[in-house]
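Fold and contact review
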Amino acid sequence: MLRHLCLLAGMLAFWVIQGQDMPLEYTFGDKYKDRYKYSNLLSFSETVSSDKILVRGYYSGLLVRPKGYLIERYNSDLHLVEEYNYKYKDGDFVHGFVANDQIYLLFLEYNSESLSYEYNVHQSPVGAYNFTVRNILTLKADYVESPVDKNYFNRTFKTGFSTTVLSDPKSRVFAISILQSQNKDLTHRILIYNNRLERIIDSDFSSESQEKNFAFEELAVSADLSAVYLVGKAYFRQRRFKAEERKFQYELVRLHKSGITTQVFDVPGKFSEALKPLWRGDQLICAGFYADRKDNRYNGLEYLVLDPNSLSVLERKYNPFSEQFMLDKFGQDSEKVIKNLVFKGAHFTTDGSLLFNAEEFFMTESMQPNASGGRVQVQRFHHNDIVSVKLDAKGNLLWARNINKTEVTQGDGAYTSYSSYTKDGQTYFFICLASEEPQLIGSDRLIFKQGFSRSRNVFVIRLDAEGALSYEKIIDSDEARLPLMVSIPFINLENDQLLFYAKQGSRKQLVSVEVH
């Protein structure tokens, strides 16, 4: 027993000592008062002068719909330069970005007079805040309660109208997918706009959707913006399945003015899961996971090199999860399975190796009593383990690690989950937890738990080029005071900097973290 305790203490000391040389530097901006206690951060962008623009939807009263949008502008010294309250409360906010020294806010609104859905862009010059409204798309349709698909595991295709908006990280383009059904007629249309609101592609996707409903998850775009690549789950509409079988397959869709190309990568005994399209120079890569049977479990890593025009597979690699990875995640419990992984970050190193990470994300529902004595249904969003992987330039697995983490939220997910940054082959994961230290599970595994206090600490978990793991609490709750929205940072690649918005109640500030 004494020997075991000594080994355990040594292991914990190793973790702490290894975390003391984190090459990070953080800076707190000034704290400011804020009159909107209840709000959600919707977009975090940068102007040509390097000012940062944040857009928040704020709420009041019993209804959860926004009462307006607060636009905040910060300079490079993290000082709040100006605020503007855009008092608009109609429609669903679906996308926001800054480009061409303009602020663009995209809303889906229902026009009860014309019985149609309208995609309207509310646009204003940065600093002037004189919003004008421009309609970019109008669609005749009956009103539905929830027209916008908002997460991975709550897609519905039973309403007469549903839509999804995806954009690329650089805000060069955004895609609008619209699925409409009336009686037995089904239409599916996908439109691509550039950041000047010019419609560059308009595709009729109806024939592809006759047998399958597509729920798109990822987007990539070619350098010249001539082709857009969408990855989505294609749910079979009229097939019978066994209870344990999955009812979908992952597909890659290429949209071009010349037409539509689709590709399925499944082969006997290998079924694609959670794919992400990536560019490595002029090479199109699809990376993700695979299952070896038609159920919900993941069994390993998939890596595909594709022809960008035909989507034909030029190279293909499958790497089963390693024994080390399974031990990281489950310890000695070999009966548990891996599922529900959502991509969070990807980075190619100078030698062409791929570092990517994903998070275990799922939703649960339950009934609970309310103040009036009735019962209401409550949705909880779970952000659990982090999966981090390194593949060499040929797609061979170098290492895969699992970081045990458990977080759950009923409301704003900005404070949960994590963000990642990669530099010099090392990946840093930023998480915000109430707990003071990770907890030991089993004899040789640690888990980062959310905790219950409103005070939050910022931890950084680092995986070096060889996959060795270390961590450090870089910002203590006594120092930070305000919790950071770690899952919605602004990432400045040129300066190796991450900016985080911190807010609680009536106080707010920006926090800068630089990676050296």
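Residues numbered from 1 in each chain as written. Predicted model: local features only at pLDDT ≥ 70, side-chain atom pairs only at ≥ 80, totals over all residues. Heavy atoms only, no water.

This next bit is on the pattern of salt bridges. Opposite charge on two side chains allows them to pair when their charged atoms are near. Per the stated rule, a full pass over the model turns up 23 salt bridges. Glu218 is the salt-bridge partner of Lys276, the closest N and O atoms lying 3.0 Å from each other. Separated by 58 residues along the polypeptide, Lys276 in strand E19 (residues 271–280) and Glu218 in strand E15 (residues 212–221) bring together distant segments of the chain. Ionic pairing is found between Arg293 and Asp292, a salt bridge with its closest N-O pair at 3.6 Å. What makes Asp292 partly exposed here is its relative accessible area of 37%. Each of the salt bridges in this network shares a partner with another, and the network as a whole consists of Asp34, Arg56, Glu72, Glu83, Lys503 and Lys508. (Salt bridge = Lys/Arg side-chain N within 4 Å of Asp/Glu carboxyl O. Helix = DSSP H or I, 4+ residues; strand = E, 2+ residues; numbered from the N terminus. Buried < 20%, exposed > 50% of the residue type's maximum accessible area, 1.4 Å probe, protein only.)

The next thing to look at is the packing of aromatic side chains. Scanning the entire structure with this criterion turns up 37 aromatic pairs. Geometrically, the ring pair formed by Phe174 and Tyr193 is stacked, given 5.4 Å between the ring centres and 15° between the ring planes. In this pair, Phe174 sits in strand E12 (residues 173–182) while Tyr193 sits in strand E13 (residues 185–194), placing the two residues 19 residues apart along the sequence. By relative accessible area, Phe174 is classed as buried at 2%. A residue is classified by how much of its surface remains accessible, and Tyr193, at 1% relative accessible area, is buried. Taking the centre distance of 5.6 Å and the plane angle of 55° together, the rings of Tyr235 and Phe248 count as tilted. With Tyr235 in strand E16 (residues 227–236) and Phe248 in strand E17 (residues 248–256), this residue pair connects regions lying 13 residues apart in the sequence. Judged by relative accessible area, which is 22%, Tyr235 ranks as partly exposed. Put simply, the rings of Tyr69, Tyr84, Tyr86, Tyr88, Phe93, Phe107, Tyr129 and Phe131 touch in pairs and so form one group of aromatic residues. It is Lys233 that lies over the ring of Phe248; its NZ or CZ is 4.6 Å from the centre. (Phe/Tyr/Trp six-rings, centres within 6.5 Å; stacked < 30°, edge-to-face > 60°. Lys NZ or Arg CZ within 6 Å of the ring centre and 35° of its normal.)

You can see Leu255 is positioned in strand E17. When its relative accessible area of 0% is taken as the criterion, Leu255 is described as buried. In sequence terms Leu255 and Tyr143 are 112 residues apart; their C-alpha atoms lie 29 Å from each other.

Formed by 37 residues in total, the largest nonpolar core has its most connected members in Leu252, Phe289 and Phe356. Not counting residues within four places of it along the chain, the set of residues in contact with Leu252 comprises Tyr229, Leu230, Val231, Thr261, Thr262, Gln263, Phe265, Cys286, Leu306 and Leu311. (Core = buried A, V, L, I, M, F, W, Y, C linked by side-chain atoms within 4.5 Å. Contact = heavy atoms within 4.5 Å.)

This part is about helix H2 (residues 323–330). If you check which residues of H2 are buried, you get Phe325, Asp328, Lys329 and Phe330. In a view along the axis of H2, the buried residues occupy a sector of 160°, so they form one face of it. The elements touched by buried residues of H2 are strand E24 (354–369), strand E25 (375–391), strand E26 (397–409) and strand E30 (445–449). Count one or two residues on from H2 and you reach Gly331, which has phi positive near 65°. (Arc of directions from axis to C-beta.)

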